[in-house]
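Below are the chains, spelled out letter by letter.
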Amino acid sequence: MAILIPLVFLFSYFFIRKIWFQLRKIRTVGTIERIELGYIRPNLILPEVKVHYKYYFQSGLYFGSGYLSLSDFLPTEEFHLHLGPGDNPILYVGDLEIITEEHIEHYLLSKGGSVFLYLDPIEPYHSRIDTVNLNSITVPSDLL
């Protein structure tokens, strides 16, 4: 019984701390800088991509990276990805055939150019990707 009471306090402390850390997270938008395909050599491409992003918070610019699935960028489309001749990746989406990593990156950026992030306001350099923002972000301008 003497060891049970300190264990209850210890577990309750960690539980309350975890809830407090999750409640203070802020959801914000970051722009995708680069997308890298994942490889397992000699001839396998992973269904995940490494996303490098940047975001502004308070008066600073922060950078981060994380992993997302290709299906996050192409939620309603069926796709197939494999290595072609010369170890060039080939992405098939519907009737499209996209060759080389640069073209695949450009195609994925055209589908979703930003991500939603969770960040800690106390330590804003600790961020985590939530989802891809598939909606385009535009700023209206009065040119007339």
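For the structure, check the block above.
Engineer: Sorry if this is basic, but what is going on with the sheet that holds strand β8 (residues 127-133) here?
Structural biologist: Strand pairing in a sheet relies on backbone hydrogen bonds, with the paired strands running either antiparallel or parallel. Within the open sheet, the five strands sit side by side as β3-β2-β1-β7-β8. Their pairing is antiparallel. Sheet topology places β3 (60-69) and β8 at the edges, where each strand pairs with a single neighbour. When strand polarity is set aside, the average angle formed by the axes of neighbouring strands in this sheet is 35°. The pairing of strand β1 (residues 26-40) with strand β7 (residues 114-119) spans six bridges and is classified as antiparallel. Within β7, the position partnered with T31 by the bridge is S114. Relative to β1, helix α3 (residues 101-111) is tilted by about 155°, and along the sheet it contacts β1 and β2 (44-57).

Engineer: Before we go on, may I ask you to explain the sheet that holds strand β6 (residues 96-99) in this structure?
Structural biologist: With antiparallel pairing, the three strands of this open sheet are ordered in space as β4-β5-β6. With partners counted over all chains shown, the strands left at the sheet margins are β4 (79-83) and β6, one partner each. Here the average twist between neighbouring strands, direction ignored, is 15°. Pairing of β4 with strand β5 (residues 89-93) involves five bridges; the strand directions are antiparallel. When the bridges of β5 are listed, L83 appears paired with P89. Here α3 sits on the sheet and contacts β4, β5 and β6; the angle it forms with β5, its principal contact strand, is near 35°.

Criteria and thresholds
Residues numbered from 1 in each chain as written. Predicted model: local features only at pLDDT ≥ 70, side-chain atom pairs only at ≥ 80, totals over all residues. Heavy atoms only, no water. Pairing = 2+ DSSP bridges. Helix = DSSP H or I, 4+ residues; strand = E, 2+ residues; numbered from the N terminus. Axes fitted to C-alpha atoms, helices over the stretch in contact; angles between N-to-C directions. Contact = heavy atoms within 4.5 Å.

These figures capture arrangement, not role.
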